[in-house]
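Summary of the model geometry
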Amino acid sequence: MKKPVAFCFGCIAAAAAFAGGYIICKKNKESEYKELGVRLAKFEDYFAVSNKWLKNRNMGINILDYFVQHNYESIAIYGMGELGKRLYEELKNQGKKVAFVLDKCAKGVDPTLNVCKMDKELPDVDVIVVTPTFDYAAIEKQLAGISNAKILSIKDVVMGQ
């Protein structure tokens, strides 16, 4: 009599463990899918900006035109990921000096650049261009607390041409 009861309890315990494991795995998968969705949206946004930037260049419109049209003389860049590096290169190639750059992880950034940290007030510039478009609102809020410069997203600059 004890063996069938023990067997039943064993089966119930195994089923409960399986169900619990299934639920945990499902929640982990949902979390992974959500994270993948966020990453996909980020890369879609970067693609849209890069594509428009390239279309503009093919039509003879360069990014410096935007800054000239809006009377922005001194420019800083927040974020030296791929878009930040391309912005820096394009401005440099057109003879425009970037006053400083901001980057949480400044590894691989051109050592001749003036890299500032966000733990103090920033040097005066006309505009700071934020290149991580996916987190623009939070970065803008943070920058507004330490700078009087106009803060723009690279998306606004490129799409506004």
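A brief look at the structure comes next. These numbers were taken from a predicted model, which means no experiment stands behind them.

**Regarding helix α3 (residues 82-93)**
- In this model, α3 (12 residues) spans 16 Å end to end at C-alpha, consistent with the 16 Å of a helix rising 1.5 Å per residue.
- What α3 keeps buried is the set Leu83, Gly84, Leu87, Tyr88, Glu90 and Leu91. Projection of α3 onto a plane perpendicular to its axis shows the buried side chains occupying an angular sector of 165 degrees, all on one side. Exposed and facing more than 90 degrees away from the buried side of α3 are Glu82 and Asn93.
- Count one or two residues on from α3 and you reach Gly95, which has phi positive near 85 degrees.

**Some words on the nonpolar core**
- Formed by 24 residues in total, the largest nonpolar core has its most connected members in Ile63, Phe67, Leu87, Leu91, Val129 and Ile154.
- Listing elements by their share of this core, those giving two or more residues are α1 (2-58), α2 (63-69), β1 (75-78), α3, β2 (98-102), β4 (127-130) and α5 (154-159).
- Residues Cys116, Val130, Ile139 and Ile146 belong to the second largest nonpolar core, which totals 15 residues.

**Details of the pairing of β4**
- A two-sided burial pattern is seen for β4, the buried positions comprising Val127 and Val129 on one face and Ile128 and Val130 on the other.
- Where β4 meets strand β5 (residues 150-153), four bridges bridge the pair, whose relative direction is parallel. The partner of Ile128 across the bridge, within β5, is Ile151.
- Read from β4 through helix α4 (residues 136-144) to β5, the crossover connection turns out right-handed.

**Digging into the pattern of salt bridges**
- Going through the model one piece at a time under the given rule, you end up with five salt bridges.
- As a salt-bridge pair, Glu90 and Arg57 come within 3.8 Å of each other at their nearest N and O atoms. Separated by 33 residues along the polypeptide, Glu90 in helix α3 and Arg57 in helix α1 bring together distant segments of the chain.
- Salt bridges sharing common partners tie together Glu82, Arg86 and Glu89.

**Concerning the side chain of Glu90**
- Here Glu90 falls in the buried class, since its relative accessible area comes to 7%.
- If near-sequence neighbours (up to four positions away) are discounted, Glu90 is found in contact with Trp53, Arg57, Asn62 and Ile63.

**Some points on the sheet that holds β4**
- Read across the sheet, five strands follow the order β3-β2-β1-β4-β5 without closing on themselves; strand pairing throughout is parallel. The outermost strands of the open sheet, each flanked by one partner alone, are β3 (115-116) and β5.
- As paired elements, β1 and β2 share four bridges and run parallel to each other. Its bridge partner being in β2, Tyr78 is matched across the sheet by Leu102.
- Sheet strands in contact with α3 are β1, β2 and β4, and its direction is about 160 degrees off that of β1.
- Contacts from α4 reach β1, β2, β4 and β5, with the element oriented near 165 degrees to β5.

**Observations concerning the pairing of β1**
- Burial of β1 is two-sided: the residues Ile75 and Ile77 facing one way and the residues Ala76 and Tyr78 facing the other way are all buried.
- For the crossover that starts at β1, traverses α3 and ends in the parallel β2, the hand is right-handed.
- In this structure, β1 lies alongside β4, joined through four bridges in parallel fashion. Within β4, the residue paired with Ala76 across the bridge is Ile128.

What counts as what
Residues numbered from 1 in each chain as written. Predicted model: local features only at pLDDT ≥ 70, side-chain atom pairs only at ≥ 80, totals over all residues. Heavy atoms only, no water. Helix = DSSP H or I, 4+ residues; strand = E, 2+ residues; numbered from the N terminus. Expected span 1.5 Å × (residues − 1). Buried < 20%, exposed > 50% of the residue type's maximum accessible area, 1.4 Å probe, protein only. Arc of directions from axis to C-beta. Core = buried A, V, L, I, M, F, W, Y, C linked by side-chain atoms within 4.5 Å. Pairing = 2+ DSSP bridges. Right-handed = clockwise from strand over helix to strand, strands pointing away. Salt bridge = Lys/Arg side-chain N within 4 Å of Asp/Glu carboxyl O. Contact = heavy atoms within 4.5 Å. Axes fitted to C-alpha atoms, helices over the stretch in contact; angles between N-to-C directions.

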